[in-house]
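What follows is each chain in one-letter form.
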Amino acid sequence: ENDIGKCEEDKSTKDNQIRTLRDEIAHQEELISKLTKEKKSTGENRQKIEEDIQAMEDRCNHLSKVKSKLEQSLDECEDALEREKKCKGDVEKMKRKVEGDLKLTQ
């Protein structure tokens, strides 16, 4: 009888250990599931961020090209303005010379 009681006690202890281990396994499985979902979400967020960065880089490159073209147009306009100023100055000189010559002939 003593052996039977000891065996039942061992069985009860083992049952408790099994129950505890099963609970721990269930808890670990929940953690694994949660971490797997977080990993997937993080991967998706990372991909979205990388796509956003690429779009911003593309936009930056486009705007740099537009800026370069605008700077070139500005340089051309400034050159044209300088030529116009020079021509106007030359015309003013000729006008004064002609007016001076006209006064001399009168």
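Check the entry above for the structure.
Residues numbered from 1 in each chain as written. Predicted model: local features only at pLDDT ≥ 70, side-chain atom pairs only at ≥ 80, totals over all residues. Heavy atoms only, no water.

Regarding the overall build of the protein chain
Check the secondary structure of the protein chain and you find 1 helix and 0 strands. Here the protein chain has a C-alpha radius of gyration of 45 Å; the compact-globule value for 106 residues is 13 Å, and the former is much larger. Principal-axis analysis of the C-alpha atoms gives the protein chain an extent of 155 × 15 × 10 Å. Among the 106 residues that make up the protein chain, the fraction classed as buried is 0%. Here the protein chain contributes 24 positive and 28 negative side-chain charges, whose respective centroids are spaced 11 Å apart. (Helix = DSSP H or I, 4+ residues; strand = E, 2+ residues; numbered from the N terminus. Rg over C-alpha atoms; globule rule 2.2 N^0.38 Å. Buried < 20%, exposed > 50% of the residue type's maximum accessible area, 1.4 Å probe, protein only. Lys, Arg positive; Asp, Glu negative; His and termini not counted. Charge placed at Lys NZ, Arg CZ, Asp CG, Glu CD.)

Focus on the environment of Asp79
Here Asp79 lies in helix H1 (residues 2-105). On the basis of relative accessibility, which here comes to 46%, the residue Asp79 falls in the partly exposed class. Considering only alpha carbons, one finds Asp79 and Glu1, 78 residues apart in sequence, at a separation of 115 Å.

What to know about the environment of Leu74
Among the secondary structure elements, Leu74 is positioned in helix H1. For Leu74 and Asp52, which are 22 residues apart along the polypeptide, the C-alpha to C-alpha distance reads 32 Å.

Focus: the pattern of salt bridges
Tallied over the full model, the rule gives 7 salt bridges. Note that Asp52 is salt-bridged to Lys48, the shortest N-O span being 2.9 Å. Remark: Lys48 and Asp52 occur in helix H1; sequence separation between them is 4 residues, near one turn of the helix. The exposure class of Asp52 is partly exposed, given its relative accessible area of 31%. A salt bridge links Glu71 to Lys67, with the shortest nitrogen-to-oxygen separation between them at 3.9 Å. Of this pair, Glu71 and Lys67 are both found in helix H1, 4 residues apart, which corresponds to roughly one turn of the helix. By relative accessible area, Glu71 is classed as partly exposed at 41%. (Salt bridge = Lys/Arg side-chain N within 4 Å of Asp/Glu carboxyl O.)

Topic: a negative patch on the surface
Judged by side-chain charge, Asp75, Glu76, Glu78 and Asp79 come together as a negatively charged surface patch. Inspection of the secondary structure puts Asp75 in helix H1. (Patch = residues over 30% accessible without salt bridge, like charges linked within 9 Å, V, L, I, M, F, W, Y side chains within 5 Å. Areas by Shrake-Rupley, 256 points an atom, 1.4 Å probe, with all protein chains shown as cover.)

What about the state of the cysteines?
Scanning all chains against the criterion turns up 0 disulfides. Between Cys87, a cysteine without a disulfide, and Cys77, which holds the nearest cysteine sulfur, the sulfur-to-sulfur distance is 16 Å. (Disulfide = S-S within 2.5 Å.)

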